[in-house]
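Here is how the chains run, residue by residue.
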Amino acid sequence: MELSKDSKWDSLLAYFTKRSRSEEFKGSLANSIGRSFHSLELYSLAYIAYSKAVESEISVAKVNIASLLGSRAVPAAGLNILQEHVGSFDSADAGFPYRVRADLEESVQAEEKN
């Protein structure tokens, strides 16, 4: 994976990244996959992979998330916030939170199809 990243071989990188994604991964592997997604500009998928690395106590993944969120719109981050919410929303428009969630889910799904 590192060779394809260093050589800018995006199709090879995409192949290895998708293959790795199909397996259960965590720790530094998840962080490396996040970096791969990040270099392919698949920001939501990078966020998801970095988050898995954080769950495995890979602290540099937090830095990678911060860097990602500091420079890009990341639909997966917004979706994560809504998925963790418990209870109803105090929105004047009752459908607004659900339309936002649907839009975010579609954005993440579009990245997954790449």
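Residues numbered from 1 in each chain as written. Predicted model: local features only at pLDDT ≥ 70, side-chain atom pairs only at ≥ 80, totals over all residues. Heavy atoms only, no water.

Looking at the nonpolar core
The nonpolar side chains of a soluble globular protein tend to be buried with one another. Counting residues in hydrophobic clusters, the biggest one holds 23 residues, and the most contacted among them are Phe37, Tyr47, Tyr50, Leu68 and Val74. Elements with a contribution of two residues or more to this core: α3 (27–39), α4 (43–55), α5 (60–71), α6 (75–84) and α7 (96–113). The greatest single-element share of this core, amounting to seven residues, is contributed by α4. (Core = buried A, V, L, I, M, F, W, Y, C linked by side-chain atoms within 4.5 Å. Buried < 20%, exposed > 50% of the residue type's maximum accessible area, 1.4 Å probe, protein only. Helix = DSSP H or I, 4+ residues; strand = E, 2+ residues; numbered from the N terminus.)

Here's the deal with the pattern of salt bridges
Under the defined criterion, the tally for this structure stands at two salt bridges. Aspartate 93 is paired through a salt bridge with arginine 99; the nearest N and O atoms lie 2.4 Å apart. Classification of arginine 99 by relative accessible area gives partly exposed; the value is 43%. Residues arginine 101 and glutamate 105 are paired through a salt bridge, measuring 2.7 Å at the closest nitrogen-oxygen approach. One end of the pair, arginine 101, and the other, glutamate 105, are both in helix α7, four residues apart, so they sit about a helical turn from each other. Taking the relative accessible area as the measure of exposure, arginine 101 reaches 30% and is therefore partly exposed. Judged by relative accessible area, glutamate 105 falls into the partly exposed class, the value being 35%. (Salt bridge = Lys/Arg side-chain N within 4 Å of Asp/Glu carboxyl O.)

Focus on unusual backbone geometry
The phi angle at glutamate 41 is positive, at roughly 65°, despite the residue not being glycine. With respect to the element layout, glutamate 41 can be found in the loop between α3 and α4. Here the phi dihedral of glutamate 57 falls at roughly 65°; this positive angle occurs in a residue that is not glycine. Relative to the elements of secondary structure, glutamate 57 occurs in the loop between α4 and α5.

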